[in-house]
Amino acid sequence: MADARDFETKVSERFGLSGRSFIITGGGRGMGFGLTRAIAQQGGNVAVLDLLDQPEAEFHDLAKKYNVKAVYKRADVTDQESLETAFKEVVAELPNVNGLVTAAGIVIDKPVWEHGWAESKKLSDVNILGTLWPVRLLADHIVHHNKGAGGSIVMIASVAAHGVKVPFQNIAMYAMSKAAVKGLAGPMAGELGPYNIRINTVSPGPTVTPMTDMLRARDPKYYEVFKTVPFIYGMATPEADIAPAVVYLLSDASKWVTGVDIPITGGSHAGISTELLQKGTDSL
Ligand SMILES: NC(=O)c1ccc[n+]([C@@H]2O[C@H](COP(=O)([O-])OP(=O)(O)OC[C@H]3O[C@@H](n4cnc5c(N)ncnc54)[C@H](O)[C@@H]3O)[C@@H](O)[C@H]2O)c1
């Protein structure tokens, strides 16, 4: 670690992302957009790859507001041609692309034996291979075209990868897909370490986004349960709770951190609250 004796640089400065460019898959809305905004706030250029025709309207203000470059590419992370084309355009348009956040993801919430074959395949295509391929593309770009630059990759896993069954949720297959994402970080960190590319996961607990809004629209109890399920009651927001950890992992503040997972779950990766265990789920 070159600056182990650098006592002068302020800790806050180590979290800066200026002069670097970051690709965010699934950054068109929800968690991915919250992370995109946070990266821009820290001075990083952002390139969002998402299926949506248009990102959140606020995306178009980021460049001016934070004096960064911001590009949006419509792309499908499960489609090789679509992903590779968008990736090539981004590295041609932005300088020093050496960071990636994989936030594109989908959820199925119903008993696993009700999952259809096609939707099961789609879930693994988006959540597993749709994470692996962008990681491979960025690693390949750094190793072959941006040698010496190093880089940092953050994959969005989930509390579901930690094996806790939450009342009212039936997300076993989603959990399997997110466990695959979490499981990728360690071995991949070993392969990418020699190129100074770090790779880590963040496992959010329930977070207010269009994905969870959709689950609540189906069952109003969905948001209610999190008032008492985690050890620290409530739900996360992308900006306040998830983004700081992602910025940490992308920045030099974490330059010796690789192959780890940061669960941001109010404790729910470790179990459900004692109060709820005592009262029983009928109390919800
Ligand atoms: N919201 C939560 O409670 C929560 C908790 C843990 C983990 N996560 C994970 O966080 C990530 C973001 O979730 P969110 O809650 O913001 O969901 P969301 O549905 O609000 O946003 C997901 C984004 O991914 C994009 N996307 C989906 N399929 C895609 C594809 N094939 N190619 C490109 N883009 C695609 C969507 O267009 C959307 O913009 C997901 O990986 C999700 O599994 C969410």
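The following refers to the structure shown. All values derive from a computational prediction rather than experimental measurement.

Parameters and conventions
- Residues numbered from 1 in each chain as written.
- Predicted model: local features only at pLDDT ≥ 70, side-chain atom pairs only at ≥ 80, totals over all residues.
- Heavy atoms only, no water.
- Helix = DSSP H or I, 4+ residues; strand = E, 2+ residues; numbered from the N terminus.
- Rg over C-alpha atoms; globule rule 2.2 N^0.38 Å.
- Contact = heavy atoms within 4.5 Å.
- Areas by Shrake-Rupley, 256 points an atom, 1.4 Å probe, with all protein chains shown as cover.
- Lys, Arg positive; Asp, Glu negative; His and termini not counted.
- Charge placed at Lys NZ, Arg CZ, Asp CG, Glu CD.
- Core = buried A, V, L, I, M, F, W, Y, C linked by side-chain atoms within 4.5 Å.
- Buried < 20%, exposed > 50% of the residue type's maximum accessible area, 1.4 Å probe, protein only.
- Near = heavy atom within 4 Å.
- Polar contact = N/O pair within 3.5 Å; in protein donor to acceptor, adjacent residues only side chain to side chain.
- Phe/Tyr/Trp six-rings, centres within 6.5 Å; stacked < 30°, edge-to-face > 60°.
- Pairing = 2+ DSSP bridges.

**Looking at the overall build of the chain**
1) Next: Per the secondary structure count, the chain includes 10 helices and seven strands.
2) Next: For a compact globule of 284 residues, the expected C-alpha radius of gyration is about 19 Å, and the chain comes in at 19 Å, within 12% of that figure.
3) Next: With the C-alpha coordinates of the chain rotated into their principal frame, the extents come out at 55 × 45 × 40 Å.
4) Next: In the chain, the share of contacts with a sequence separation of at least 24, taken over all contacts with a separation of at least 6, comes to 73%.
5) Next: About 13700 Å² of surface is accessible on the chain, with carbon and sulfur atoms providing 55% of the total.
6) Next: Both charge centroids of the chain, one from 27 positive and one from 30 negative side chains, sit 2 Å from each other.

**Looking at the nonpolar core**
1) Next: Counting 32 residues, the largest nonpolar core has Ile 23, Val 90, Ile 153, Met 155 and Ile 199 as its most contacted members.
2) Next: Beyond its immediate chain neighbours, meaning those up to four positions away, Ile 199 contacts Val 135, Ile 153, Met 155, Ala 185, Met 188, Ala 189, Leu 192, Thr 258, Gly 259 and Val 260.
3) Next: The next biggest cluster of nonpolar side chains, apart from the first, holds 30 residues, and it includes Met 31, Val 154, Ala 245 and Val 247.

**Re the site of the ligand**
1) Next: Taken together, 28 residues form the shell around the ligand, and within it Arg 29, Met 31, Asp 50, Tyr 174 and Thr 209 come nearest.
2) Next: At 2.7 Å, a backbone N or O of Met 31 approaches an oxygen atom of the ligand.
3) Next: Between an oxygen atom of the ligand and a side-chain N or O atom of Asp 50, the distance comes to 2.6 Å.
4) Next: Starting from 820 Å² of accessible surface for the ligand in isolation, the protein chains cover 95%.
5) Next: Considering every element that reaches the shell around the ligand, the biggest residue donor is helix 7 (residues 210-218), with three residues.

**Topic: the environment of Thr 131**
1) Next: Within the secondary structure, Thr 131 is located in helix 5 (residues 117-145).
2) Next: By relative accessible area, Thr 131 is classed as buried at 3%.
3) Next: Counting along the chain gives 147 residues from Thr 131 to Gln 278, while the straight-line C-alpha distance between them is 39 Å.
4) Next: Setting aside residues no more than four positions away along its own chain, Thr 131 makes contact with Thr 102, Val 126, Met 155 and Val 181.
5) Next: A polar contact of 2.7 Å, which involves the side chain of Thr 131, links it to the backbone oxygen of Asn 127.

**Some details on the packing of aromatic side chains**
1) Next: Inspection of every chain in the model, using the stated rule, returns two aromatic pairs.
2) Next: A centroid spacing of 5.9 Å and a plane angle of 70° characterise the contact between Phe 59 and Tyr 72, whose relative ring orientation is edge-to-face. Here Phe 59 is found in the loop between strand 2 (45-50) and helix 3 (62-66), whereas its partner Tyr 72 is found in strand 3 (residues 70-74), with 13 residues between them in sequence.
3) Next: Note on Phe 59: relative accessible area 3%, which makes it buried.

**A closer look at unusual backbone geometry**
Negative phi is the rule for most residues except glycine; trans is the rule for most peptide bonds.
1) Next: Backbone geometry places Asn 67, a non-glycine residue, at a positive phi of 55°.
2) Next: Within the element layout of this structure, Asn 67 appears in the loop between helix 3 and strand 3.
3) Next: Its relative accessible area of 71% is what places Asn 67 among the exposed residues.
4) Next: Of note, the phi angle at Asn 96 is positive, near 50°, even though the residue is not glycine.
5) Next: Examined against the element boundaries, Asn 96 turns out to sit in the loop between helix 4 (80-93) and strand 4 (97-102).

**A closer look at the pairing of strand 2**
1) Next: Of all six residues in strand 2, six are buried; the element is thus mostly enclosed.
2) Next: Taking every second residue as pointing to the same face, both faces of strand 2 are buried, with Asn 45, Ala 47 and Leu 49 on one and Val 46, Val 48 and Asp 50 on the other.
3) Next: Here strand 1 (residues 21-25) runs beside strand 2; their pairing, made up of five bridges, is parallel. Looking across to strand 2, one finds that Phe 22 is bridged to Val 46.
4) Next: Strand direction decides the pairing type here: strand 2 and strand 3, joined by five bridges, are parallel. Across the sheet, Asp 50 pairs through a bridge with Arg 74, a residue of strand 3.

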